[in-house]
Amino acid sequence: MFDFSSYFSNTAFITSKGELYTYKNVSILSEELGKYIQPHSLIFILCSNTIGSVLGYLSSFKVNAVPLLLSKEIDKSLLSEFIRKYSPTYLWLPDEMAHEYCDKEFIFSSHGYSLMRFGKKDVDLPDNLALLLTTSGSTGSPKLVRLSKENILENAKSIAQYLDIDQNERAITSLPMHYSYGLSVINSHLISGATILLTEDSYIQRDFWVFAREQRVTSFSGVPFTYEILKKMKFWNRNLPTLRTLTQAGGKLSNELIEYFAKNAKLRDVNFYVMYGQTEATARMSYLPCQYTIEKIGSIGQAIPGGKFEIWTDMVIVEESNIIGELVYKGRNVSLGYAECFNDLLRGDDNKGTLYTGDLVYKDNDGFYYIAGRKKRFLKLFGNRISLDYTEDLLRVIFFWIGIFFLVSGVLSFLGILKPAVNSGIQNPDMLGTVFSITGVLMCIISAALGIYTAKLDKLHLQLIENGTKVKGLVEKVYLQKYTRYRRQIPYRILYSFTYHDKVYYHKSRLVWEKPDLKKGDLITVYVNNLGKSTVYNCNEAV
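Residues numbered from 1 in each chain as written. Predicted model: local features only at pLDDT ≥ 70, side-chain atom pairs only at ≥ 80, totals over all residues. Heavy atoms only, no water.

### Quick notes on the sheet that holds strand E29 (residues 534-535)
Move 1: The five strands lie next to each other as E27-E26-E25-E28-E29, forming an open sheet whose pairing is antiparallel. Across the chains shown, the open sheet's two edge strands, defined by having one partner strand only, are strand E27 (503-508) and E29.
Move 2: Both strand E28 (residues 523-528) and E29 contribute to a ladder of two bridges, which runs antiparallel. Directly across from Val-528, in E29, lies its bridge partner Ser-534. (Pairing = 2+ DSSP bridges. Helix = DSSP H or I, 4+ residues; strand = E, 2+ residues; numbered from the N terminus.)

### Notes on the packing of aromatic side chains
Move 1: With the rule as written, the count across this model stands at 36 aromatic pairs.
Move 2: A ring pair is formed by Phe-309 and Tyr-369, whose centres lie 5.0 Å apart and whose planes are at 65 degrees; its orientation type is edge-to-face. Within this pair, whereas Phe-309 is found in strand E17 (residues 308-313), its partner Tyr-369 is found in strand E22 (residues 369-374), the two being separated by 60 residues in sequence.
Move 3: Looking at Tyr-369, the relative accessible area reads 9%, which means it is buried.
Move 4: Ring centres 5.8 Å apart and planes at 45 degrees place the aromatic pair Phe-406 and Phe-436 in the tilted group. Highlighted residues: Phe-406 in helix H9 (residues 391-414) and Phe-436 in helix H10 (residues 429-467), separated in sequence by 30 residues.
Move 5: Looking at Phe-406, the relative accessible area reads 21%, which means it is partly exposed. (Phe/Tyr/Trp six-rings, centres within 6.5 Å; stacked < 30°, edge-to-face > 60°. Buried < 20%, exposed > 50% of the residue type's maximum accessible area, 1.4 Å probe, protein only.)

### As for the side chain of Ser-534
Move 1: Take Ser-534: it is sitting in strand E29.
Move 2: Given the relative accessible area of 16%, Ser-534 is considered buried.
Move 3: There is a polar contact of 2.6 Å between the side chain of Ser-534 and the side chain of His-507.
Move 4: Residues contacting Ser-534, with those up to four places away along its chain left out, are Leu-464, Tyr-496, Phe-498, His-507, Val-526, Tyr-527 and Val-528. (Polar contact = N/O pair within 3.5 Å; in protein donor to acceptor, adjacent residues only side chain to side chain. Contact = heavy atoms within 4.5 Å.)

### A closer look at the packing of helix H4 (residues 149-162) against helix H5 (residues 180-190)
Move 1: In contact at an axis separation of 8 Å, H4 and H5 are set at 80 degrees when each is read in the N-to-C sense. One way to sum up the angle between H4 and H5 is to call them roughly perpendicular. For the pair H4 and H5, contact is made by Ile-152, Ala-156, Ile-159 and Ala-160 and by Ser-184, Asn-187 and Ser-188, respectively.
Move 2: Partitioned by chemical class, the residues of the contact of H4 with H5 number four nonpolar, three polar and no charged. (Axes fitted to C-alpha atoms, helices over the stretch in contact; angles between N-to-C directions. Parallel < 35°, antiparallel > 145°, perpendicular 65-115°, else oblique. Nonpolar A, V, L, I, M, F, W, Y, C, P; charged D, E, K, R; others polar.)

### Focus on the pairing of strand E12 (residues 219-222)
Move 1: Where burial is concerned, the two faces of E12 agree: the one with Ser-219 and Ser-221 and the one with Phe-220 and Gly-222 are both buried.
Move 2: Each parallel crossover has a hand, and for E12 linked through helix H7 (residues 224-232) to strand E13 (residues 245-248) it is right-handed. (Right-handed = clockwise from strand over helix to strand, strands pointing away.)

### Considering the pattern of salt bridges
Move 1: In total, this model carries 17 salt bridges according to the counting rule given.
Move 2: In this structure, the salt-bridge partner of Lys-470 is Glu-228, at a minimum N-O distance of 3.5 Å. One end of the pair, Lys-470, is in strand E25 (residues 469-480); the other, Glu-228, is in helix H7, and 242 residues separate them in sequence.
Move 3: Overall, the relative accessible area of 24% leaves Lys-470 in the partly exposed class.
Move 4: With a closest N to O distance of 2.5 Å, Asp-366 and Lys-296 form a salt bridge. Pair noted here: Asp-366 is in the loop between strand E21 (354-363) and E22 and Lys-296 is in the loop between strand E15 (286-288) and strand E16 (302-303), with a separation of 70 residues, a long-range link. (Salt bridge = Lys/Arg side-chain N within 4 Å of Asp/Glu carboxyl O.)

### A word on the packing of H7 against helix H8 (residues 255-267)
Move 1: Where H7 meets H8, the axes come as close as 11 Å, and the angle between the chain directions of the two elements is 60 degrees. Classified by the interaxial angle, the pair formed by H7 and H8 is oblique. Between H7 and H8 lies a crossing whose hand is left-handed. On H8, the residues that touch Tyr-227, Glu-228, Leu-230 and Lys-231 of H7 are Glu-256, Leu-257, Tyr-260 and Phe-261.
Move 2: Of the residues assigned to the contact of H7 with H8, the class counts are five nonpolar, no polar and three charged. (Left-handed = near helix turned anticlockwise from the far one by under 90°.)

### Observations concerning the environment of His-507
Move 1: Assignment of secondary structure puts His-507 in strand E27.
Move 2: Distance from His-507 to Leu-495, taken between C-alpha atoms, is 5.9 Å for residues 12 residues apart in sequence.
Move 3: With near-sequence residues (within four places) excluded, His-507 lies in contact with Ile-494, Leu-495, Tyr-496, Phe-498, Gly-532, Lys-533 and Ser-534.

### Overview of the nonpolar core
Taken as a class, soluble globular proteins show a tendency for nonpolar side chains to be buried jointly.
Move 1: Membership of the largest hydrophobic core comes to 41 residues, with the highest contact counts inside it found for Phe-2, Phe-13, Tyr-57 and Leu-190.
Move 2: The greatest single-element share of this core, amounting to six residues, is contributed by helix H2 (residues 51-62).
Move 3: One finds Tyr-227, Leu-230, Phe-272 and Leu-288 within the second-largest nonpolar core, a separate group that totals 30 residues. (Core = buried A, V, L, I, M, F, W, Y, C linked by side-chain atoms within 4.5 Å.)

### A look at H8
Move 1: Counted at 1.5 Å a residue, the expected span for H8 with its 13 residues is 18 Å, and the 18 Å between its end C-alpha atoms agrees.
Move 2: Buried within H8 are the following residues: Asn-255, Leu-257, Ile-258, Phe-261, Ala-262, Asn-264 and Ala-265.
Move 3: Each element contacted by the buried residues of H8 is listed here: H7, E13, strand E14 (271-276) and H10.
Move 4: Count one or two residues on from H8 and you reach Asp-269, which has phi positive near 60 degrees. (Expected span 1.5 Å × (residues − 1).)

Written out as structure tokens, the structure reads:
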């Protein structure tokens with residue numbers, strides 16, 4: 001898939017151990033490993049930011065095998081579940097882990113990794129299937145994203161184009177290789193003939209920065225938590241004279257941190273890019289040009305080269321500015337679809353180049369997009385959209401329709417169509433109409449009051465996401481919200497705890513209408529303000 005022939009003499013990788021590999025070296029080594037891998041087979045790679053891990057990835061492409069990238073630190077029970085669900089033919093894993101599978105056939109070893117055979121049956125996966133990654137929110141379940149060669153190459157080319165990556169770039173592996181964002185850094189530099197600095201050290205370790213400085217790093221990538229830590233580490237005091245680019249994705253970075261890094265970057269002639277993406281789009285869908293980082297602070301920017309954004313509401317494309325709707329992305333980097341078992345790997349292209357992101361957005365008058373929240377469960381009352389994030393939302397709807405019932409009954413009583421029952425205490429139709437009408441008005445007033453209350457809750461939720469302090473929360477319980485039901489469906493809630501200013505809080509999430517991919521003991525990101533009010537943005541993802 002990757003054609004390295006035009007830059008064979010370029011340095012492809014430099015490891016933290018001082019090893020240097022040219023593109024020609026990498027091509028020869030990956031061909032050697034490829035001799036032992038059956039074409040169109042499934043291979044699990046337990047990834048690390050090492051040359052052995054990368055060779056397994058590139059060798060798979062050489063022979064049209066399909067790799068599933070997983071962390072070498074993956075929970076053993078989860079790995080067993082993946083193996084049971086997908087029946088891989090091979091496992092490419094660090095040598096020190098090979099003894100755990102001594103009952104499997106050992107085939108080959110190279111650069112600290114061993115190839116083990118798991119299955120002997122003939123497998124012939126589709127030609128258009130090239131790579132499998134865990135989904136953005138399913139690190140705790142065996143749900144996968146299916147990617148094609150076109151997906152990978154088109155996204156890598158787009159990223160290389162807007163970041164202006166050329167053969168002189170030197171990126172460091174600050175993110176895990178099995179994570180779509182981290183992998184996109186590797187792919188976009190490989191297609192450009194650039195150099196990748198491979199290290200398993202964390203950016204919080206001194207050796208990471210010594211290696212980066214000695215090898216003249218030019219770019220660094222991180223998620224929001226990374227930049228929170230970098231600020232505390234006084235990042236700008238570090239001596240990195242060759243640094244030219246900082247990129248951020250993987251979640252919303254607070255406006256305060258965006259401003260801090262953007263202003264400091266500009267003073268040092270460093271480009272700071274805020275980006276947006278999902279694994280379902282291979283990695284990247286949009287970027288904010290660095291010259292607009294302050295002017296359009298909080299924006300996810302515009303679609304990447306070759307991609308297109310649309311805003312949909314009620315299945316209609318919204319052309320106007322400042323109208324909130326679901327963000328729909330179209331491009332050649334949109335994945336083929338999901339897989340939850342081996343047979344799903346045989347499916348074709350389910351998405352057809354269109355991804356419904358589930359994010360609610362609006363665009364400003366200049367065409368820059370802003371995320372307003374995640375797509376919610378809605379119902380409509382006379383054209384007005386009502387979210388169902390809170391129990392009060394459902395009560396609002398119930399009181400509204402009860403109010404309408406009594407108001408209609410009152411009108412019918414005044415018209416003489418609805419007459420008092422024989423044993424009723426009120427025999428005067430006008431009096432009955434008055435009672436019905438007053439009751440209906442009271443019900444509608446209660447409904448309106450609940451609407452105001454839930455609107456305030458929604459506003460607080462958005463304010464917390466935008467400006468709140470991010471802390472780690474602990475899932476205490478995931479449970480069904482009894483006696484709450486909409487269209488025969490019962491929502492879930494999450495009871496979580498967190499510590500803020502040395503005080504422990506126990507809070508409940510909003511209603512979650514799909515079973516959360518969380519369990520007791522999982523860590524989640526909680527947004528909290530100085531009053532101890534909190535919210536959870538993503539109820540389906542552990543951190």
